[in-house]
Amino acid sequence: MSDPVRDVRPLLREGAVLGEGPDAAVPAHYGAPLREQRHLLDGTAVVDLGHFEVLEVRGADARSWMTTVTTQVLSGTPVGSSSSLAVLSLQGRVEHLASVVVVDEDALLLVLDAGARAGLRAYLEMMRFAARVELTDRDDLRVLGAVAPAAAVLPQLGLPDPVAVWSEPWPEVAPGGVAYGPDPEDPVGAVLTILDAAALTQLPWRGEHLAGMSSWEALRIADHRARAAREVDERSIPHELDLLRTTVHTTKGCYRGQETVAKVLNLGQPPRRLVMLHLDGSQDVPAAAGGEVRLGGSDGKVVGTVTSAALHADLGPIALAVVRRAVPVDASLSVQVLLSQADGEGTSMWIDASQEPIVLPREHGARPRTAKL
């Protein structure tokens, strides 16, 4: 269960156009989304991720306990190190995702998508038993996103010292990880800087300092990175979203859902796969999450759903979609775009899309011979 979107005041209101859905609390852009995206790519702007939530796990058992109850190894990792983790169901389905920073020998900070903290905290409280840990909602902290630490991006602004900085060498495969497909063509990565919220609101923010959430999403889609609020549904298993690359440690064992992870990794294939779509931009109609993906034109078979969409400054209109495994990786697809809705009736048009594979079938080698009865 997710909390409603928190009441978050944007760092800059002038020119801000608020987003929708899980990003309704922060600006989608400030009037010039492509120019903002260029600044973000150039390392001269940050994104206000004030709707992201922070959870602190502190105590003598914090790291060993989190290693036991999640998909990641946190015991013995250096202070200041970053990683990603998941919590899976007994059936191996993705229930929670978080970015985690080791801030002290006995403390972790978890950064979660908007509205996701309450659900993860409820699970962790249930699993605490006799573990020496304390869980604290850190609403006194705020997250900024960029392609580098915020202080390096905006040295002139006088940012306070960060509480923590999260960064992964994406798309490099983490220890214990497995890539389920090719690397993105030109990855830029993501850096989350966690700072004191009150201090941030006192700074003299200007438009050139900030890029909107639409810019952040465009870079995330081009980087092939799944997001909890967008790509994960009640059926998702980690293999479908390439989460084994950095989020699921495949050899540590001792976590809920590991049997499904091992079975699909070693013997099977995920039933669905994440794919990036390059959309036909000649229609000048933006795609959006929720649109159907069809094989064989608008009259073809429904094979998936758009989960995220954005306009990229270099790549044009792009999207992420989760499609059936059986869809050929070189097949042309059609994507539904909802044009209008009146009296509950929506009208749609269809645009062509080509695939950039993210998750591919895994080669297991020759199967062992079995005795014939």
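Quick caveat: nothing in here was measured; it's all calculated off a predicted structure.

Draft legend 1. Seen up close, the packing of aromatic side chains. Following the criterion strictly, the structure yields zero aromatic pairs and no others. The side chain of R225 reaches across the aromatic face of W170, ending 4.5 Å from its centre. Just above the ring of W170 sits the side chain of R245; from NZ or CZ to the centre is 5.5 Å.

Draft legend 2. Seen up close, a positive patch on the surface. On the surface, a cluster of positive charge is contributed by R93, R235, K301 and R324. Mapped onto the elements of the fold, R324 is located in strand β16 (residues 316–324).

Draft legend 3. View of the nonpolar core. Residues L244 and L274 are the most contacted members of the largest nonpolar core, which totals 27 residues. Core analysis: the next-biggest nonpolar cluster, separate from the first, contains 22 residues, V87, L110, L120 and V133 among them.

Draft legend 4. Inspection of the environment of S89 at higher detail. Here S89 lies in the loop between β5 (82–88) and β6 (94–104). Sequence-wise, S89 and T136 are 47 residues apart; in three dimensions their C-alpha atoms are separated by 23 Å.

Draft legend 5. Up close: the packing of helix α2 (residues 62–69) against helix α3 (residues 117–127). Between α2 and α3, the least distance of the axes is 12 Å, while the angle of their chain directions is 105°. It follows that α2 is roughly perpendicular to α3 by the angle criterion. Note on element contacts: α3 touches α2 through Y123, L124 and M127, opposite W65, M66 and V69. Grouping the amino acids of the contact of α2 with α3 by side-chain chemistry returns six nonpolar, no polar and no charged.

Draft legend 6. Main features of the packing of helix α1 (residues 33–42) against helix α6 (residues 213–222). For the pair α1 and α6, the least separation of the axes is 9 Å and the interaxial angle reads 60°. With respect to α6, the element α1 is oriented oblique. Crossing angle aside, the handedness with which α1 passes α6 is right-handed. Here P33, E36, Q37, L40 and L41 of α1 lie close against α6, whose contacting residues are S214, S215, W216, A218 and L219. When the residues that make up the contact of α1 with α6 are grouped by side-chain class, the tally is six nonpolar, three polar and one charged.

Draft legend 7. Expanded view of the sheet that holds strand β4 (residues 53–58). Reading across the sheet, the five strands line up as β5-β6-β7-β4-β8 and stay open at both edges, with antiparallel pairing between neighbours. Here the strands that pair on one side only, and so sit at the sheet edges, are β5 and β8 (134–137). For this sheet, the mean inter-axis angle between neighbouring strands, taken without regard to orientation, is 30°. By the bridge criterion, seven bridges tie β5 to β6 in an arrangement that is antiparallel. The residue of β6 that forms the bridge with S84 is S99.

Draft legend 8. Molecular detail of the side chain of S215. Following the sequence through the fold, S215 ends up in helix α6. Take S215: its relative accessible area is 0%, and that puts it in the buried class. In this view, S215 contacts P33, E36, Q37 and L40; residues no more than four positions away in its chain are not counted.

Draft legend 9. A look at the sheet that holds strand β11 (residues 191–196). The strand order across the open sheet built from five strands is β10-β11-β9-β3-β12, with neighbouring strands paired in mixed fashion. On the outer flanks of this sheet lie β10 (164–167) and β12 (210–211), each paired with one strand and no other. Here strand β3 (residues 46–48) runs beside strand β9 (residues 141–146); their pairing, made up of two bridges, is antiparallel. Within the sheet, the bridge partner assigned to D48 lies in β9 and is L144.

Draft legend 10. Structural view of the environment of R362. Looking at the secondary structure, you find R362 in the segment after β18 (345–357). Among the residues examined, R362 registers a relative accessible area of 29% and is labelled partly exposed. Look past the residues within four positions of R362 in its chain and what remains in contact with it is V178, Y180, L265 and Q269.

Analysis parameters
In this convention, every chain numbers its residues from 1, walking through the sequence in written order. Restriction of local features to residues with pLDDT of at least 70 applies here, the model being predicted, together with a cutoff of 80 or more for giving and counting side-chain atom pairs; totals for whole chains, interfaces and linings are based on all residues. The basis for every side-chain value is the complete set of heavy atoms in the structure, and neither hydrogens nor water enter the calculation. Stacked, edge-to-face and tilted are the three classes for Phe, Tyr and Trp ring pairs, Trp counted by its six-membered ring, which pair at centre distances within 6.5 Å; planes under 30 degrees apart are stacked, over 60 edge-to-face, the rest tilted. Geometrically, a lysine NZ or arginine CZ counts as sitting over a ring once it is within 6 Å of the ring centre and also within 35 degrees of the ring normal. Patches draw on residues past 30% relative accessible area with no salt bridge. Two like charges within 9 Å are joined, as are two nonpolar side chains (Val, Leu, Ile, Met, Phe, Trp, Tyr) within 5 Å. Working definition of accessibility: Shrake-Rupley area with a 1.4 Å probe, residue cover restricted to the visible protein chains. Each reported salt bridge corresponds to a side-chain nitrogen of Lys or Arg within 4 Å of a carboxyl oxygen of Asp or Glu. When charges are counted, Lys and Arg contribute as positive and Asp and Glu as negative, whereas His and the chain ends are disregarded. The atoms used to mark charge sites are NZ of Lys, CZ of Arg, CG of Asp and CD of Glu. Where helices and strands are cited, they refer to DSSP runs of H or I of at least four residues and of E of at least two residues respectively, numbered from the N terminus. As used in this record, nonpolar core signifies buried Ala, Val, Leu, Ile, Met, Phe, Trp, Tyr and Cys residues forming a set joined through side-chain atoms within 4.5 Å. Relative accessible area decides the class of each residue, using a 1.4 Å probe on protein chains only: under 20% of the type maximum gives buried, over 50% gives exposed, and in between gives partly exposed. For helices, the axis comes from a line fit to the C-alpha atoms of the stretch in contact; other axes are also lines fit to C-alpha atoms, and the angle between any two N-to-C directions lies between 0 and 180 degrees. Working rule for angles: under 35 degrees goes down as roughly parallel, over 145 as roughly antiparallel, 65 to 115 as roughly perpendicular, anything else as oblique. Two residues qualify as a contact provided that any one of their heavy atoms is within 4.5 Å of a heavy atom in the partner residue. When residue character is reported, Ala, Val, Leu, Ile, Met, Phe, Trp, Tyr, Cys and Pro are called nonpolar, Asp, Glu, Lys and Arg charged, and the others, Gly included, polar. We call a crossing left-handed when the near helix sits turned anticlockwise from the far one by less than a right angle, and right-handed when that turn is clockwise. Think of it this way: DSSP has to see at least two bridges between two strands before they count as a pair.

In short, geometric facts, not functional conclusions.
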